[in-house]
Amino acid sequence: AHHRILANFYYCLNSFSLSRKGQRIKAAKLKQISKDALDILREAEELSKWNYRNKAFLVQAEINSNEGKIDAAEAAYGAAITAARASKFVHEQGLACEYAAFHCMRNDKSDHAVNFFHQAKLCYIEWGSSLKVEFCTRQMNEVTNS
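This is a predicted model, so every value here is computed, not measured.

**A closer look at the packing of helix α2 (residues 27–47) against helix α3 (residues 49–66)**
In step 1: At a minimum axis separation of 8 Å, α2 and α3 run at an interaxial angle of 155 degrees. Considered as vectors, α2 and α3 are oriented roughly antiparallel to each other. When you trace α2 past α3, the crossing you get is left-handed. Residue-level inspection shows Leu30, Ser34, Leu38, Leu41, Arg42, Ala44, Glu45 and Leu47 of α2 in contact with α3, the latter providing Lys49, Tyr52, Arg53, Lys55, Ala56, Val59, Gln60, Ile63 and Asn66.
In step 2: Classifying every residue of the contact of α2 with α3 gives nine nonpolar, three polar and five charged.

**Some points on the packing of α3 against helix α4 (residues 70–86)**
In step 1: One way to put it is that α3 packs onto α4 with a least axis distance of 8 Å and a crossing angle of 160 degrees. In this view, α3 runs roughly antiparallel relative to α4, as classed from their interaxial angle. In this structure, α3 crosses over α4, and the sense of that crossing is left-handed. In this structure, α3 contributes Arg53, Asn54, Phe57, Leu58, Gln60, Ala61, Glu62, Asn64 and Ser65 to the contact, and α4 contributes Ala72, Ala73, Ala76, Tyr77, Ala79, Ala80, Ala83 and Ala84.

**Considerations on the nonpolar core**
In step 1: By size, the foremost hydrophobic cluster in this structure holds 39 residues, and its most contacted members are Phe9, Leu41, Leu58, Val59, Tyr77 and Leu95.
In step 2: What Leu58 contacts, discounting residues up to four positions off in sequence, is Phe9, Leu13, Tyr77, Ala80, Leu95, Ala96 and Tyr99.

**Notes on the pattern of salt bridges**
In step 1: According to the stated counting rule, one finds seven salt bridges in the structure shown.
In step 2: Ionic pairing is found between Asp39 and Lys35, a salt bridge with its closest N-O pair at 2.7 Å. Here Asp39 and its partner Lys35 are both found in helix α2, four residues apart, which amounts to about one turn of the helix.
In step 3: Exposure remark for Asp39: the relative accessible area of 38% places this residue in the partly exposed category.
In step 4: Two residues, Lys69 and Glu67, come together in a salt bridge whose shortest N-O distance is 3.0 Å.

Calculation rules
Residues numbered from 1 in each chain as written. Predicted model: local features only at pLDDT ≥ 70, side-chain atom pairs only at ≥ 80, totals over all residues. Heavy atoms only, no water. Axes fitted to C-alpha atoms, helices over the stretch in contact; angles between N-to-C directions. Helix = DSSP H or I, 4+ residues; strand = E, 2+ residues; numbered from the N terminus. Parallel < 35°, antiparallel > 145°, perpendicular 65-115°, else oblique. Left-handed = near helix turned anticlockwise from the far one by under 90°. Contact = heavy atoms within 4.5 Å. Nonpolar A, V, L, I, M, F, W, Y, C, P; charged D, E, K, R; others polar. Core = buried A, V, L, I, M, F, W, Y, C linked by side-chain atoms within 4.5 Å. Buried < 20%, exposed > 50% of the residue type's maximum accessible area, 1.4 Å probe, protein only. Salt bridge = Lys/Arg side-chain N within 4 Å of Asp/Glu carboxyl O.

Following this line, the structure appears as structure tokens:
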């Protein structure tokens, strides 16, 4: 069951990413994917807040961001970051910071985006992923130089 939950979580996040990159995902399908993922995560959260709370917050943040609910999205990204940190999931804390940074970029909040990419970079340094560290560094440079 855990693998199915994670598969739905990443399928949902990837669907949002692909949609924003111009892939043709119908709005109704994206809404259904995200609703299904959130329902599954909330159900799993009842069994293990430690393992699933941050993921549910991140999906909720992406839903809010996609619907233009900027303040609600930012609150949910913050909650996802805090929950991941509390669970000591440094890689998922980094992921939540990264998604928060992209949200900020989409909403013309460059300073906040750089800060979130920097937080993500620190998480990925701790996690030991040089690929993600390099990615965050490039993103910070792009935001700073644009």
